Amino acid sequence: MTFVLYSPLLKTLYPEIFLGLVAFGMLMMGRRVHNRSVYSVLSIVSMFIAMMLLLAFDYGSTSFFGGAFVVNKFGLYFAIILLISSAYIAFSAGTRIEHDPEIFFAILLFVDIAMIIASFSLNLIFIFIAFEGISIGTYILSAHGKTRRNLEASAKYFFTGVIATGFIVMGSSFYYLSTGTFDLISGGTATIASKPALLLALIFLFVGFGFKLALVPLQQWAVDAYDGTDNAVSAFLSSGTKVLAFLVLLRVFLVGFAGLSNDVFYLFTIVSIITMTYGNFAALSETNFKRMLAYSSIAQAGYLILVLTVVSGSSSQLAFTLAIFAAMYYSLVYIFMKGGSFLASNAVNKDKIEIDDFSGIGLKSPLFAISLAIMLFALAGIPPTAGFFAKYYLFLALISGHLWYLAVIGILNSAISVFYYLKVVVVMFRPSEHEHFNLSKKVVIPVLIGAILSIALSFLIFGYPNISGIVSGLGIGV
Amino acid sequence: MVFSYYWFIFLTPLIAAPIAEIVGKRIKNAAGWIASLAIAISLALSIVLWLSLRGTSTPIHNSYRWFGYIDAGIYVDHLTIIMLLMVSFVSLMIHLFANYYMKDDPRKNLYFAETALFTSGMLGLVMSSNLLEFFLFWELVGLCSYLLIGFWFFKPNASSAAKKAFIVTRVGDLLFIIGLAVLYSTLTAKGVTNPLSIPFIVNHISTIVSDIGAQNLTIIGLLFLGGAAGKSAQFPLHVWIPDSMEGPTTVSALIHAATMVTAGVYLIARILPIYANATYVAPDAVLYIGAFTAVFAGTIGIAVNDIKRILAYSTISQIGYMMAALGMVSTFGDSVIGYSMYHVVVHAVFKALLFMVAAVILLTLMELRDVRKMGGLWRRMPWTITLFFIGSITLAAIPPTAAYFSKDTIIDVAYNFYALHGFAFWALWPWVFLVLGALTTALYTFRMFFLVALGKPRSKLAAEAKDPPKVVLIPLMILAFLSLTLGIIQYRFYDFITPHTIVVSLPLLEKYTPLTMVVVGLIITLALYATTKWQRMNLSRNPLYKLVRAKFFLDALYTRVIAERVILGLSSGVSRIESGFSRSVEGTGKGAMGFGSILRKIENGVVEYYFVFLIAGVAILMLLLEIYGGI
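Not measured: the values here are computed from a predicted model. Every residue gets a number counted from 1 within its own chain, in the order that chain's sequence is written. Chains carry letters from A onward and ligands carry numbers from 1 onward, assigned in written order. It should be noted that, the model being predicted, local features are given only for residues of pLDDT at least 70 and side-chain atom pairs only at 80 or more, the latter also being counted only at that level, while totals for whole chains, interfaces and linings use all residues.

## Digging into the overall build of chain A
Part 1 of the reasoning: A run of DSSP states H or I qualifies as a helix once it reaches four residues; a run of E qualifies as a strand once it reaches two. Both are numbered from the N-terminal end. Within chain A, the regular secondary structure consists of 22 helices and 2 strands.
Part 2 of the reasoning: Within the span of chain A, comprising 478 residues, buried residues form 60% of the whole.
Part 3 of the reasoning: Long-range pairs, those at least 24 residues apart, make up 80% of the contacts in chain A with a sequence separation of at least 6. Once C-beta atoms are placed from the backbone, each residue is buried if 20 or more other C-beta atoms lie within 10 Å of its own, exposed if 12 or fewer, and partly exposed for counts between those two. C-beta atoms are first placed from the backbone for all residues, and any pair lying within 7 Å is then listed as a contact.

## Examining the overall build of chain B
Part 1 of the reasoning: Secondary structure assignment for chain B yields 28 helices and 2 strands.
Part 2 of the reasoning: Going through the 631 residues of chain B one by one, you find that 52% of them count as buried.
Part 3 of the reasoning: A separation threshold of at least 6 residues defines the contact pool for chain B, and within that pool the share at least 24 residues apart is 82%.

## Some words on the interface of chain A and chain B
Part 1 of the reasoning: Taken together, the contact pairs 30 residues of chain A with 26 residues of chain B.
Part 2 of the reasoning: When residues of the side of chain A that touches chain B are traced back to their parent elements, those giving at least two are helix 7 (148–179), helix 9 (195–213), helix 10 (220–228), helix 13 (261–284) and helix 20 (404–428) of chain A.
Part 3 of the reasoning: The dominant element in the side of chain A that touches chain B, judged by the number of residues it contributes, is helix 13 of chain A, at 10 residues.

## Comments concerning the confidence of the model for chain B
Part 1 of the reasoning: pLDDT expresses how confident the predictor is about each individual residue, on a scale running from 0 to 100. Residue-level pLDDT values for chain B average 85, and 99% of them are 70 or greater.
Part 2 of the reasoning: Here the predicted complex scores 0.62 on pTM and 0.74 on ipTM.

## A short note on helix 20 of chain A
Part 1 of the reasoning: In this model helix 20 of chain A runs 36 Å from its N-terminal to its C-terminal C-alpha over 25 residues, within 8% of the 36 Å that 1.5 Å per residue would give.
Part 2 of the reasoning: Of all the positions in helix 20 of chain A, only L406, A407, G410, N413, S414, I416, S417, Y420, Y421, V424, V427 and M428 of chain A are classed as buried. Expected helix span is taken as 1.5 Å per residue step, with the number of steps being one fewer than the number of residues.

## Here's the deal with the packing of helix 2 (residues 14–29) of chain A against helix 3 (residues 36–55) of chain A
To characterise two packed helices, one gives the angle between the axes of the helices and the distance between these axes.
Residues and elements named next belong to chain A.
Part 1 of the reasoning: Between N-to-C directions, angles span 0 to 180 degrees; the directions come from axes that are lines fitted to C-alpha atoms, helices contributing only their stretch in contact. Their axes nearest at 9 Å, the elements helix 2 and helix 3 cross at an angle of 165°. Our classification of the angle between helix 2 and helix 3 gives roughly antiparallel. Helix 3 is crossed by helix 2, and the crossing has right-handed handedness. On the side of helix 2, the interface is formed by Y14, P15, F18, L19, V22 and M26, while helix 3 contributes Y39, L42, S46, I49, A50, L53 and L54.
Part 2 of the reasoning: In the contact of helix 2 with helix 3, the residues fall into 12 nonpolar, 1 polar and no charged. An angle below 35 degrees is treated as roughly parallel, one above 145 as roughly antiparallel, one from 65 to 115 as roughly perpendicular, and anything else as oblique. In this scheme, a crossing is called left-handed if the near helix is turned counterclockwise away from the far one by less than a right angle; it is called right-handed if the turn is clockwise. Note that Gly is not counted as nonpolar here; it falls among the polar residues with everything else outside the nonpolar set of Ala, Val, Leu, Ile, Met, Phe, Trp, Tyr, Cys and Pro and the charged set of Asp, Glu, Lys and Arg.

## A few points about the packing of helix 13 (residues 281–303) of chain B against helix 14 (residues 307–327) of chain B
All names here are of chain B.
Part 1 of the reasoning: One way to put it is that helix 13 packs onto helix 14 with a least axis distance of 7 Å and a crossing angle of 160°. Accordingly, the angle class assigned to the pair helix 13 and helix 14 is roughly antiparallel. Note on packing geometry: the crossing formed by helix 13 with helix 14 is left-handed.
Part 2 of the reasoning: For the contact of helix 13 with helix 14, the per-class residue count stands at 15 nonpolar, 8 polar and 1 charged.

## Things to note about the pairing of strand 1 (residues 60–67) of chain B
Each regular strand displays side chains that alternate between the two surfaces of the sheet.
Residues and elements named next belong to chain B.
Part 1 of the reasoning: Only strands joined by at least two bridges in the DSSP assignment are considered to pair. Across 7 bridges, the pairing between strand 1 and strand 2 (residues 70–76) is antiparallel. When the bridges of strand 2 are listed, Y64 appears paired with A72.
Part 2 of the reasoning: Count of turn residues in the strand 1/strand 2 antiparallel hairpin: 2 residues, of which G68 carries a positive phi of about 50°.

## Examining unusual backbone geometry
Part 1 of the reasoning: Cis geometry marks the peptide bond from V216 of chain A to P217 of chain A, where omega comes out at 10°.
Part 2 of the reasoning: Secondary-structure assignment places P217 of chain A in the loop between helix 9 and helix 10.
Part 3 of the reasoning: The linkage connecting P399 of chain B with the following residue, P400 of chain B, adopts the cis geometry, with an omega of 5°.
Part 4 of the reasoning: You can see P400 of chain B is positioned in the loop between helix 18 (382–395) and helix 19 (402–420).
Part 5 of the reasoning: Despite not being glycine, A214 of chain A shows a phi value in the positive range, around 55°.
Part 6 of the reasoning: Relative to the elements of secondary structure, A214 of chain A occurs in the loop between helix 9 and helix 10.
Part 7 of the reasoning: In this structure A214 of chain A comes out as buried when scored by C-beta crowding, with 28 C-beta atoms within 10 Å.
Part 8 of the reasoning: At H402 of chain A, a position not held by glycine, the phi torsion is positive, near 60°.
Part 9 of the reasoning: Assessed through the 15 C-beta atoms surrounding it within 10 Å, H402 of chain A is described here as partly exposed.

## Remarks on the nonpolar core
Part 1 of the reasoning: Within the largest apolar cluster, 215 residues are counted, with the highest numbers of intra-cluster contacts made by L326, V349, A352, L353, M356 and L434 of chain B.
Part 2 of the reasoning: The element contributing the most residues to this core is helix 16 (residues 335–364) of chain B, with 21 residues.
Part 3 of the reasoning: Among all residues touching L434 of chain B, those that are not within four sequence positions of it are A291, A294, Y321, A324, I410, I411 and A414 of chain B.
Part 4 of the reasoning: Note on terminology: a nonpolar core is a set of buried residues of type Ala, Val, Leu, Ile, Met, Phe, Trp, Tyr or Cys, with members joined through C-beta atoms within 7 Å. The next biggest cluster of nonpolar side chains, apart from the first, holds 188 residues, and it includes V22, I113, F204 and V216 of chain A.

## Things to note about the environment of L217 of chain B
Residues and elements named next belong to chain B.
Part 1 of the reasoning: Within the secondary structure, L217 is located in helix 8 (residues 205–231).
Part 2 of the reasoning: Here the alpha-carbon distance between L217 and V182, two residues 35 residues apart in the chain, equals 9.7 Å.
Part 3 of the reasoning: Look past the residues within four positions of L217 in its chain and what remains in contact with it is I208, V209, I212, I274, N277 and A278.

## Focus: the environment of R380 of chain B
Residue and element names in this part refer to chain B.
Part 1 of the reasoning: If you trace the backbone, R380 turns up in helix 17 (residues 377–380).
Part 2 of the reasoning: Accessibility expressed as a C-beta count within 10 Å gives 19 for R380, which makes it partly exposed.
Part 3 of the reasoning: What R380 contacts, discounting residues up to four positions off in sequence, is A465 and K466.

Below is the structure:
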């Protein structure tokens, strides 16, 4: 007699099951234990155990549930960096949560479960469920503060998010109508029954999934939501969930719409140009620090989706490999440079943080100021930070795919972005009388970690030659 | 990892530099003693190293892979030892004296930190095992020189002199680094794994010749000569040294007379095999530039009135002799290193002495540097001027002082060069130049000495001058003793550097030509300057005098024509383009800001508008796809 638990089907779900058990355990503990650092430590530890469980898989591209759940190196990489990003948030969220910490951290773990599932699924239904799991979790996280500002931001995020969910459902049905399957791999190669319906599916799914990535014209919730929620939640919304949304975009549009690569190419070319430009220009004149970062994260999403233009628009194998490497590397670096910058706003004890509120912080704590400056440099793509190498490989992929005009637009946009990133650096070292800083260890250390990793991750570029084994995991025949 | 005591020869002053700066801020007098102690340790270690290497001809070579094909480390052979002893000894003497000279300067901690750093750089340069490492130290001493010339930056001349020194030597450095690049790229292309290593160049020159050929070697040699000419102030890059005299006089003694300026000579001596195996152009360029500089700078020295500048031109002229000696490598082989280095050492000793005497004089005369305003100082300050006398007769190479042996040997070698080339007319010129150089040396030396020491005081300050406490003159006395006696070690010195040095001999007439020239110079100056006759001379109309006074218009050519017309013109043109460009960037920025604030208005916080925008955006996207996607 074999136990159900030992079946290979369930073995792959061990991390999810484990995280779920811990999360429910936490909710029960909440009756007795009110110390938030206990939950913080517990969730970080369980995330690392989940990572170990993930790594213990035999990841030879095994598929389960009729191809809906494919375990491979590519998905594993994203699952792990998503867990790392949640651990980073769990590590630094401790300061601001004033009540019910168990709910916050349990929800974070539930979101992680959904994230792991989403990074392995190649079926629109699975993706939809996982995606909704993340959405609902983040709605609760963003409302957790229960101040008026938190609730307003959460409400806006929720209302617009629901619309996006509707688009996903509609898009999935159109997809099914025209291809006869929800499976992305077979759908991408299927003979198309109705092309207009498939195009509708393309647009609708783009709206639904692009929403989380805050691509223009779906970006408007982002600025309000990032600004209104707690700093740790904004950091998570702009780093972890964005990377996941990016992964889903890669999967859905490169695998599921492999037959429509021309349309995918035009769609993402237009959207990436508009998004980059919109984000950077709007950030230029912004005076609120978190809103500036929100615009900058819109612009960064514009850079990220350039990967899709390379893969769909170019037939060069080198460009393809470079683009996938850039996607993986950029996602990892992005988590720390963006998340760390958002966490840096913890240092100012105010609700609405203007950029000028940072003036004088460089003289009070040079360590903090230099760390933040490093992350801003990384966002701007200035060497020798990891952000530079991420952009470098991205633009290299564009150029080797003969999409030099996109590379030029991207580089011009990064040049513009330097304006507003450097503004913050200059302000930080200006003398001032401000006394509203909170420079305790709990604030400075997460920022310092982000800064160190924003430089140290540069060494990962030496992993580029080993990339070819992972690229095939995307699901495209290579 | 062999990390022996000799690494500390250059590390000790390097460590001492920041300590001197920090401790000296609290305790005013400590900085000088910390720096002196560090250099005394360097000297002691150099002596230990000398004793251990004395009996053997195997050099010490310790190096580690730095990056690419570059090994960095230490290479010490007999030539290096001589430089180490010379630099650390002279530097120690000058540091000891500087404790007195700089005693009232409020920033003396910085001064001693910088001189210690300089000494470290110079010792490191000497010990480098790789030309790139050599170049880094070369730049470090250049930087220290710049900082110390401009040490009294509140004097307007000082800061501009510092800039001039830095920029002029930069021209040489550029040639040097081009030479390095050419050597590196040509040799690595042939599969050599450590192309810039000094032991490789010294010991495997035949490989280099067969790899890149004598023609290319000549080009490399000429480029290196450019670097050496910049650092060692040879024609036509000599113009920075006289201006560098604006720094503290001890700095002039340490850097611009005794040690750093000989770095160029050391460079040529270090990589002499390159010149020995190049075509005749490279060594002859060294020879003619050196010989010409010797007489050229000496001539200007006669017409200058500033005591420090006279000494500066004399330095340029003396280095010309060292260069000329090295240039005769094709005829005399390795022996020329001995001839040249012997003069380097002797010159360092007596020139440091002369500059420190000048420092004493200037301290009591409140920086009045015009020799015409001095006079009669021998009676006022007998100790100092006696030391000055010893320095002067050494400079003029009157027997039996050390310079008589070192300098006249070079002149004798030049005559042998003429003879060995079958009395060819072209080979005569170096000898002629060097002999005329000896004449000019005697002229400017005795003119300076007589104007300073004899006659009546010609200014109020000179009339009130007096000797400093005798204890501060001890370093000067040691140097004076050495200037008088170093001559006895001449042949042992040659054999220490290169065994079996060729001993030149020549007919009696030619043998005494330079000495005759010195005597002629002495007689002329005795007649003119030991009396008051010179005050009645009116040279201001004499065209030759005007030409020499204007330093052959070379300085004017550099500053008025090249710097002010060509480079400033070019730079103002570029700056106009640049300002137009930056205005356009500013305009773009302003436009972008305006555009951005319009974009921000979309984000008004009202969710209903967001839906409208979303739906409109999606509709436009579908339209665009309809057009471009091609359904």
